Amino acid sequence: MKSMLSAISNALCRVTGRKVAGTVVASRSYADFTPRVTFDIKKCDLHGLEVGPPLKAELTRAQGLEYYRTMQTVRRMELKADQLYKQKIIRGFCHLYDGQEACAAGIEAAINLSDHLITAYRAHGYTFTRGVSVKEIMAELTGRKGGVAKGKGGSMHMYAPHFYGGNGIVGAQVPLGAGVALACRYQGNDQICVSLYGDGAANQGQIFETFNMAALWKLPCIFVCENNKYGMGTSVERASASTDYYKRGDFIPGIRVDGMDVLCVREATKFAADHCRSGKGPILMELQTYRYHGHSMSDPGVSYRTREEIQEVRSRSDPIFMLKERMLSNNMASVDEFKEMDTAIRQEVEEAAQFAMSDLEPPLEDLCNHIFANNPPLDVRGTNQWSTLKSIS
């Protein structure tokens, strides 16, 4: 709350030029900034389509600041998770999303909160964009009762309305996503499902079976392959006979997108969503992206790639830096504005981390909760040690 009030005060100070908390900031009206700019964006590669997403994208000042805040919050949250994991405060599996922020931010900017999304185990970013607070995410990572899954899900199993995780089995979320899309079509609610998987899961048989059913039934599903170049420690060239993942749907149209540019991702997702809502069936998107961390926290990430490679991607196509430079070079925001936002985000993440370390762990009495929709219908042999515990949902 304090950080929010501080940000508001600083924003008022920029507009009025008045002294706030003992500091004088030069007066600069929001009218001084460019309210909207149209940018050229990279052309998408197409499969089975005559026309693809547009080559230009309009960005308003408000949208740019929102996208920056989203991506920077995910970045700071993941870096804090890295720190807490190395301190052994976060345990178990932990897959970080830094580097890929434009994918989550761009997709969310193009769909509705009433639409559905399901992903794999690298889920922290999508958990945030689907509306879960940093505080609840961090508390879930540390296994505390204030976490989004009451401390019983951990890194890979976080959920929110219309967000189905966070799935630990490689590729298993893809057919589940098609099932959600089937429900959307059955109910006729004009909603779609975004079903995400990585390049490491792209060769799974269940994915191709899902493509077949989705095409037969014209399901409103966007299949998204987040190609971050490595499946665990194996490069895509060593793992796949064809690395054109956007063509893998064969009879399903596909597009290959610059996944490091939030505007490219947004425009491509809008195009894909319109395709699905119009009754044309599923579409496949390959987002070419990159993760800065290793596959998981147990992977240093430099045994199968060089530090120079990682640094080159950071310096050439970091999604947060690219958006910031676009806005600064077109007078859509000021350097001070970004600094203030960065400070507020750091404080928000730090406060969330403090809560995640001080909150209580879930008590034993909660162990059997949220398993059944109501009380178990019968006694199960071998579970007598839990007979005093009830399942509450």
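Calculation notes
Residues numbered from 1 in each chain as written. Predicted model: local features only at pLDDT ≥ 70, side-chain atom pairs only at ≥ 80, totals over all residues. Heavy atoms only, no water. UniProt positions renumbered as here; feature names shortened; annotations may be inferred. Helix = DSSP H or I, 4+ residues; strand = E, 2+ residues; numbered from the N terminus. Buried < 20%, exposed > 50% of the residue type's maximum accessible area, 1.4 Å probe, protein only. Areas by Shrake-Rupley, 256 points an atom, 1.4 Å probe, with all protein chains shown as cover. Contact = heavy atoms within 4.5 Å. Pairing = 2+ DSSP bridges. Right-handed = clockwise from strand over helix to strand, strands pointing away. Patch = residues over 30% accessible without salt bridge, like charges linked within 9 Å, V, L, I, M, F, W, Y side chains within 5 Å. Salt bridge = Lys/Arg side-chain N within 4 Å of Asp/Glu carboxyl O. Polar contact = N/O pair within 3.5 Å; in protein donor to acceptor, adjacent residues only side chain to side chain. Core = buried A, V, L, I, M, F, W, Y, C linked by side-chain atoms within 4.5 Å. Axes fitted to C-alpha atoms, helices over the stretch in contact; angles between N-to-C directions.

Going by what an unreviewed UniProt entry lists, the protein chain is known as Pyruvate dehydrogenase E1 component subunit alpha and is assigned to Solea senegalensis. Turning to the protein chain, the UniProt record has this under Cofactor (unreviewed entry): "thiamine diphosphate".

Peer 1: Please clarify how the overall build of the protein chain should be interpreted in this entry.
Peer 2: What the protein chain contains, in helices and strands, is 12 helices and 12 strands. Every one of the 393 residues in the protein chain was classed for burial, and the buried ones make up 50%. Summing over all exposed atoms, the protein chain offers an accessible surface of approximately 18,900 Å²; the carbon and sulfur share of this is 54%.

Peer 1: Explanation requested: the environment of M232 in the structure shown.
Peer 2: Relative to the assigned elements, M232 resides in the loop between β9 (230–231) and β10 (234–235). Its relative accessible area of 52% is what places M232 among the exposed residues. It is 9.7 Å that separates the C-alpha atoms of M232 and D199, two residues lying 33 residues apart in sequence. With sequence-adjacent residues up to four places away left out, M232 is seen in contact with R291, H295 and Y304.

Peer 1: How should I be thinking about the pairing of strand β12 (residues 283–288) in this particular structure?
Peer 2: Walk down a regular strand and you will see the side chains alternate between the two sheet faces. Of all 6 residues in β12, 5 are buried; the element is thus mostly enclosed. Note: strand β8 (residues 221–227) against β12, 6 bridges, orientation parallel. Paired with E226 across the bridge in β12 is L287. Taken together, the 5 bridges between strand β11 (residues 254–258) and β12 define a ladder with parallel strand orientation. Note that in β12 the partner of R256 across the bridge is E286. After leaving β11, the chain enters helix α9 (residues 262–277) and then returns to the sheet as β12, a path that is right-handed.

Peer 1: Teacher, can you tell me more about a nonpolar patch on the surface here?
Peer 2: Residues L182, M213, L216 and W217 make up a contiguous nonpolar surface patch of about 400 Å² in total accessible area. Relative to the helices and strands, L216 resides in helix α7 (residues 205–216). With relative accessibility at 61%, the residue L216 sits in the exposed group.

Peer 1: Would you mind showing me how to read the side chain of R256 here?
Peer 2: Positionally, R256 belongs in strand β11. Polar contacts involving the side chain of R256 include one to the side chain of D244, which spans 2.9 Å. Other than its neighbours up to four places away in sequence, R256 contacts C44, D45, T243, D244, Y246, E286 and Q288.

Peer 1: In this structure, what is going on with the nonpolar core? I would like to understand it.
Peer 2: Side chains that are nonpolar tend, in soluble globular proteins, to be buried together. Of all hydrophobic cores here, the largest spans 69 residues; its most connected members are I107, Y126, M138, I222 and M285. Residue contributions to this core peak at 9 residues, all from α9. When neighbours within four sequence positions are excluded, M285 is seen to be in contact with I222, F223, V224, C225, I255, V257, A268, T269 and A272. Within the second largest apolar cluster, 20 residues are counted, among which are C193, C221, F223 and Y245.

Peer 1: What is the right way to look at the sheet that holds strand β6 (residues 116–118) in this model?
Peer 2: Taking strand neighbours across the sheet as the criterion, the 6 strands line up as β4-β11-β12-β8-β7-β6 in an open arrangement whose pairing is mixed. A strand with exactly one partner marks an edge of an open sheet, and here the two such strands are β4 (45–47) and β6. Each neighbouring strand pair of the sheet contributes to a mean axis angle of 20°, computed without reference to strand direction. The sheet strands contacting α7 are β7 (193–198), β8 and β12, and the helix crosses β8 at an angle near 155°.

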